[in-house]
Amino acid sequence: MRIRIVHDTVYTYQQPARGLIQILRLTPRDHDGQHVREWRIEPSVNGRLTAREDGFGNLVHWFTADDPTDALTVRVTGEIETFETSGVVRGAVERLPDLFYLRDTPLTEASAELKAFAEKVAGKGERDALPMLHRLLAAVHDAVTFEPGPTSASTSAAQAFEVGKGVCQDLTHIFLAAARHLEIPSRYVSGYFRRDDGADDQKAGHAWAESLVPGLGWIGFDPANGISATEAHVRVAVGLDYLGAAPIRGSRVGGGTETLDVALRVEQVHSQSQSQGHGQQSQSQSQSQSLGQSLGQG
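Residues numbered from 1 in each chain as written. Predicted model: local features only at pLDDT ≥ 70, side-chain atom pairs only at ≥ 80, totals over all residues. Heavy atoms only, no water.

Our next topic: the pairing of strand β14 (residues 233-239). Most of β14 sits out of view: seven of its seven residues are buried. Pairing between strand β9 (residues 186-193) and β14: six bridges, direction antiparallel. Note that in β14 the partner of tyrosine 188 across the bridge is glycine 239. (Buried < 20%, exposed > 50% of the residue type's maximum accessible area, 1.4 Å probe, protein only. Helix = DSSP H or I, 4+ residues; strand = E, 2+ residues; numbered from the N terminus. Pairing = 2+ DSSP bridges.)

Inspection of every chain in the model, using the stated rule, returns eight aromatic pairs. Centroid distance phenylalanine 175 to phenylalanine 221: 5.6 Å. Interplanar angle 25°. Geometry classified as stacked. Remark: phenylalanine 221 occurs in strand β12 (residues 217-222) and phenylalanine 175 occurs in helix α4 (residues 168-181); sequence separation between them is 46 residues. Where tyrosine 188 meets tyrosine 242, the ring centres are 6.4 Å apart and the plane angle is 75°; that geometry is what we call edge-to-face. Placement of tyrosine 188 in strand β9 and of tyrosine 242 in helix α5 (residues 242-245) is noted, with a sequence separation of 54 residues between them. Looking at tyrosine 242, the relative accessible area reads 1%, which means it is buried. Site record: aromatic cluster; members linked through ring pairs are Phe56, Phe100, Tyr101 and Trp218. A cation over a ring is seen here: arginine 187 above tyrosine 101, with NZ or CZ 5.2 Å from the ring centre. (Phe/Tyr/Trp six-rings, centres within 6.5 Å; stacked < 30°, edge-to-face > 60°. Lys NZ or Arg CZ within 6 Å of the ring centre and 35° of its normal.)

The subject of this paragraph is the pairing of strand β3 (residues 47-53). Side-chain direction in a regular strand flips from residue to residue, so the side chains alternate between the two faces of the sheet. As defined by bridge partners, β3 adjoins strand β4 (residues 59-65) across seven bridges and the pair is classed as antiparallel. In the strand pairing of β4, arginine 52 is matched with valine 60. Between the end of β3 and the start of β4, which pair antiparallel, lie five residues, with glycine 57 showing a positive phi angle near 90°.

What follows is the structure, given as structure tokens:
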């Protein structure tokens, strides 16, 4: 499947913000399940954009604005060719040992109720990792209603599970907390999802989980949709939780109240288009946000 993405993140500030520094995890990498045909990051204000790699192996850009600004748009455009792998992730950059992904974080620590939920799922059938993870995928999808609004970027897995509602970020955190309690290394994935209901325009990016299955490797599980990852998923960044894979995080001085708007289009390309090469980024303009972005709302 060939997928085209146009993603605008728009920040407006009550007063000009100074010292904008933004960390952008917005650039996908090739692996066996996807090939990056074109990719550009184009901030709307002048600044310095520096490419790095973080400890998880994600491509990261640091943006520093040259001057104070009362508005910033970060536009991402690109085209990805994806391939069906039955959710198995091979050929990805791996910088950390597998057991690192058993580590809990404040966003993924399991409450007593979540632990009991995980153990109940595990006890309903085979204890091998793959069937247990598929049961967990279905159980989280059934137990937690996808509903924008009741949670935020700082909501933990335990809090979202107690409420029984949340967005894909929350369902992913719940899945991670349960899987790690069952001693299965698991990680958070941020990216994009090509919906099959004709809704090309979306309000935010997407999030899902990857868990390690002996003999198969890392496999993607999307609890928000109740499915394994497919060729409709575009994988961008991984982390222990949302904070480690957030598309945009950063800081600023002043600026007053900040307003965030997102416009995202994820569409399948049915006709051949010319590619300009991989991983091109605009070096001249900038990018912004402070504190967090919009990811898990899709």
